[in-house]
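Architecture at a glance
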Amino acid sequence: MRAVATWVRFDVRTRLRSLVVLALLVALSTSVVLTAMAGARRGASAIDRLLDKTLPATLAVLPNEPGFDWDAVAELPGVEAIGRFPITAYEVEGLPPDSGADFAYLDDAVMRDIERPVVLEGRLADPSRDDEVVATAGFEGLYGKGVGDSVTIRLYGPEQVDEVFVSGDGGRPEGPSIDARIVGVVRSPWFSDKEGASARIIPSVGLFAQHEANLLGTSGVIFVNALVRLEGGAGAVPAFRERLAEVSGRRDIEFFALAEDAQHLRDVTGFEARALLAFALAAVLAAVFLVGQSVARLVSGAAQDLRVLSSMGMSPGHVRLAAAIAPTAASVAGALLGVAVALTASPWFPTGTAAPYEPAPGRDVDVVVLVLGFLVVPSLVAGGALLFSSAASSAAIDRSAQRGSAVAAWAARRGAPVPLVVGCRLALEPGRGAQAVPVRPALIGAVVGALGVVAALTFADGVNDAAEHPERFGQVSELKAFLGFNGDDFIPVDEVLPVLAADPDVFAVNDSRQSVVEAGAVDIPVFTLAPVSTPPAIVLSEGAVPDSPRDVTLASGTASALGVGVGDEVRLVGSRAARSFVVRGIGFVPEGAHNSYDTGAWMTAAGYDSVIDGFKFHSADVALRRGADLDVVSTRLGSAVAAAIGSPEAATQLLSPRPPPSRLAELRQIERLPLLLAAFLALLAVAAVGHALAVAAQRRRHDLAVLRALGVTRWQSRVTILTQATVLAMVGILFGAPLGFALGRFLWRSVATTTPIAHVPPLAVWTLVLAAPIGILIANLLAALPSHRAATMRLGEVLRTE
């Protein structure tokens, strides 16, 4: 063992630079893998960890009824807490009028017994004060104000509040002006910067307590909704619904099933976590190639020198051990550095959809991942070093026969030029001994790189198609005219609808009344299918739209919740009656403030009227012809409606463009990880191919020099290396592109099914067309320097020394 220790000291001194490079490669690989794995685990658990800490609301209950008796609801069995909020208005100076400020909550149970937030900075607002607010995490980044800063809250006068609610415009607030201080940054499932909702401030309940008239008005038109927390969670919802119907006398009350939203978030963050784990796996593959090659070179070189000591009596076991100790020690140092980097990078995670729901942002010590990584990485390097040293200490590899490339042999038989034949051999035949070239890692890297890039770009093509075609989400109208609310129309509907339908750029107008029915424990927003002229192009996954009063077409999420399909019967209970309907189709509905596009149902006007009395919302969905300019048509329609009803003010507030589908932002978040993975795999391919080209030009220089001596020109030497690069790229594209295209389509189908959206297989035409030329171009750029070295080598010096 003394001889082994002496050798190790000598080895470290003579090859310190190479060992440092190995340690840095191990650190890079370890940090990337551990960061991705820890980030995936953190993102996948963020929703559940936040729910565990925050007493989340089970439901948002939206009766939208002035004077609703919430005291009776609070007394219902199983109701653990209620947090009421009026649907009213106030302004915050410097913030947009429709965003940036949350509801003014009535009950001090909010943030205590229900939606008790984690405090990320500062503290909660004092419920006895009207001049303290808290903010969600993104508020400072969006508006430039954080803990300790002040915002000015401007309240409307009591009469103004009523005017704002009725007409949408009460003028400049004339009520009290309050200089409020931001005292904390908070987070809960309800109080989060979720996708599609901007960061905001939440006033103390003291604001309502001290300024009730400025928030509820004087005429009683303002109504109050509430968050409700049930003792039994989601499982207690059916019983609560029945009790609520008994005390309220209503079965058309809307609910936001917040527990279902949480499950959807789990699905999305789970997909993102799996994508991040795939990134970690890709990093492992890269480490195998890059670190493995470095370890093999170090061990092989040491083993050659150790043969002298072996001939002097050192045992084979000691030879193998001596060759492996230095690389193993370097890997320990690299693994330790990698763990430190992963720990430093942890505040960047989780990313994507999970980020706004992380209850403890900042540095996170994932003991399982970090300790396991620190133990496993040096163990793998030590095992590989021992394996390489065992192989290097025997001459078996040099004596073994190497099978030639069939492609190179075919090219030779066809009389291909010598540079092309030799280039094929360099790309496809590893060689033996000191002249061996890492062919297999280069080929695998090229295939994996092409596969990852094509798969990610194919997946991205699906996301881009969904972004450009809202009809994939069932949204077939570009404009929405808000006509009425809670059973009262704002304008003469019979005069407005024909005006909208008469415009030459309008394809279809649907007179859509909306309310809610119950099917067992499931609330269903119902929309009337009542086209003014041409029927709208409802997006269906199967079946058809309703064409009789007994038909209903369900949104996909609602059909899944009910467990029914086309041809089944469902019993629906509305505000007027209860009756059975036949499911005629399954598809999507218009997305609104109180429903997603995959929850709801279509009925004919007669079917709707048979079970529902009145409406909650009344609107006209306006679909434009392809190529129509939205702004131009909207302005023209506003003018036409103003002329028809003689009210320019009402017309200006009538039409609004439909916002992008709410889940499009989620798809954009999901898209980033495959693209990041593709970039990493592309770098892996570049590293593997570039390394193979550089090594070939170095280790095969004797062969290339002999060819030069036999008449091969400098240009032909360049062509030899360029041919090697081209063949490597073509193999990668030939095998990787079809697999990547199939994988990208499979991933997109999976995401389209779970989102859900109407699935259209992505074509990614430009990806497939450009994959080969771009891959070959990159490979030849990588070959530029090795080919130059091959063409400019000094023949005499090489032939003497090799």
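Everything numeric in this text was worked out from a predicted model, so none of it was measured.

The rules behind these values
Going along each chain's sequence as written, the residues are numbered from 1 onward. It should be noted that, the model being predicted, local features are given only for residues of pLDDT at least 70 and side-chain atom pairs only at 80 or more, the latter also being counted only at that level, while totals for whole chains, interfaces and linings use all residues. Derived side-chain values reflect all non-hydrogen atoms in the structure, with water molecules and hydrogen atoms excluded from consideration. Here an axis means a line fitted to C-alpha atoms, over the contact stretch when the element is a helix, while the angle between two N-to-C directions is reported on a 0 to 180 degree scale. Only DSSP runs of H or I covering at least 4 residues are called helices, and only runs of E covering at least 2 are called strands; the numbering of each starts at the N terminus. Here the word oblique covers every angle except those under 35 degrees (roughly parallel), over 145 (roughly antiparallel) and from 65 to 115 (roughly perpendicular). For any pair of crossing helices, the crossing counts as left-handed if the nearer helix is rotated counterclockwise from the farther one by less than a right angle, and right-handed if it is rotated clockwise. In this description, contact between two residues means that some pair of their heavy atoms is separated by no more than 4.5 Å. Throughout this entry, Asp, Glu, Lys and Arg are counted as charged residues, while Ala, Val, Leu, Ile, Met, Phe, Trp, Tyr, Cys and Pro are counted as nonpolar. The remaining residues, Gly among them, count as polar. Salt bridges, as used here, are contacts in which a Lys or Arg side-chain nitrogen is within 4 Å of a carboxyl oxygen on Asp or Glu. Classification of residues uses two cut-offs on accessible area relative to the type maximum, computed with a 1.4 Å probe and protein chains only: under 20% is buried, over 50% is exposed, and between them is partly exposed. In this scheme, a helix's expected span is set at 1.5 Å multiplied by one less than its residue total. Two strands form a pair only when DSSP identifies at least two bridges running between them. To define a nonpolar core, start from buried Ala, Val, Leu, Ile, Met, Phe, Trp, Tyr and Cys residues and group those joined through side-chain atoms within 4.5 Å. Known as pLDDT, the predictor's confidence for each residue is given on a scale from 0 to 100. Each aromatic pair joins two rings of Phe, Tyr and Trp (for Trp, the six-membered one) with centres within 6.5 Å, and gets the label stacked for planes under 30 degrees apart, edge-to-face for over 60, and tilted for any other angle.

Relative to each other, helix 21 (residues 664-699) and helix 24 (residues 765-782) sit at 45 degrees, their axes nearing to 9 Å. Our classification of the angle between helix 21 and helix 24 gives oblique. As for the relative orientation of helix 21 and helix 24, their crossing is right-handed in sense. Touching Val686, Val689, Gly690 and Leu693 of helix 21 are Ile778, Ala779 and Leu782, all from helix 24. Taken together, the residues of the contact of helix 21 with helix 24 break down into 6 nonpolar, 1 polar and no charged.

The full count for this structure, using the stated rule, is 30 salt bridges. Here Arg154 makes a salt bridge to Glu93, at a shortest N to O gap of 2.2 Å. Of the two residues, Arg154 sits in strand 6 (residues 150-154) while Glu93 sits in the loop between strand 3 (91-92) and strand 4 (118-122), which places them 61 residues apart along the sequence. Classification of Glu93 by relative accessible area gives partly exposed; the value is 43%. Among the salt bridges present, the one from Arg251 reaches Glu242, with a minimum N-O distance of 2.9 Å. On the basis of relative accessibility, which here comes to 27%, the residue Arg251 falls in the partly exposed class. One network of salt bridges, with partners in common, ties together Arg241, Glu242, Arg251, Glu518 and Asp523.

Taking 1.5 Å of rise per residue, the 16 residues of helix 19 (residues 630-645) would be expected to cover 22 Å, and the 22 Å separating its terminal C-alpha atoms lies within 8% of that figure. Looking only at helix 19, the buried set comprises Val633, Leu637, Gly638, Val641, Ala642 and Ile645. Looking one or two places after helix 19, you find Gly646, whose phi comes out positive at around 70 degrees.

Here 4 strands make up an open sheet; going across it, the order is 2-9-1-10 and the pairing antiparallel. Both edges of this open sheet fall to strand 2 (79-86) and strand 10 (254-257), since each of them pairs with a single strand only. Strand after strand, the sheet turns through a mean of 20 degrees between neighbouring axes, direction not considered.

Another aspect to go through is the nonpolar core. Counting 41 residues, the largest nonpolar core has Val61, Trp70, Val73, Ile153, Phe240 and Leu244 as its most contacted members. Here this core takes 4 residues from strand 9 (residues 224-230), the largest share from any one element. Beyond its immediate sequence surroundings of up to four residues, Val73 is in contact with Phe68, Val79, Ile82, Phe240 and Leu244. Counting residues in hydrophobic clusters, the runner-up holds 25 residues, among them Ala427, Ala442, Leu728 and Ala790.

Residue-level pLDDT values for the chain average 87, and 90% of them are 70 or greater. For residues 395-401, every residue scores under 50 in pLDDT, and the model assigns this stretch 4 contacts once sequence neighbours within four places are set aside.

Taken as a whole, this structure holds 17 aromatic pairs when the rule is applied. Ring geometry for Phe459 and Trp748: centres 5.7 Å apart, planes at 80 degrees, overall edge-to-face. Residue Phe459 is located in helix 15 (residues 439-468), and its partner Trp748 is located in helix 23 (residues 714-754); the two are separated by 289 residues in the primary sequence. Exposure remark for Phe459: the relative accessible area of 1% places this residue in the buried category. Measuring from centroid to centroid gives 5.4 Å for Phe482 and Phe490, while their planes differ by 80 degrees, and the two rings are edge-to-face. One aromatic cluster in this structure is built from Phe85, Phe103, Tyr105, Trp190 and Phe191.

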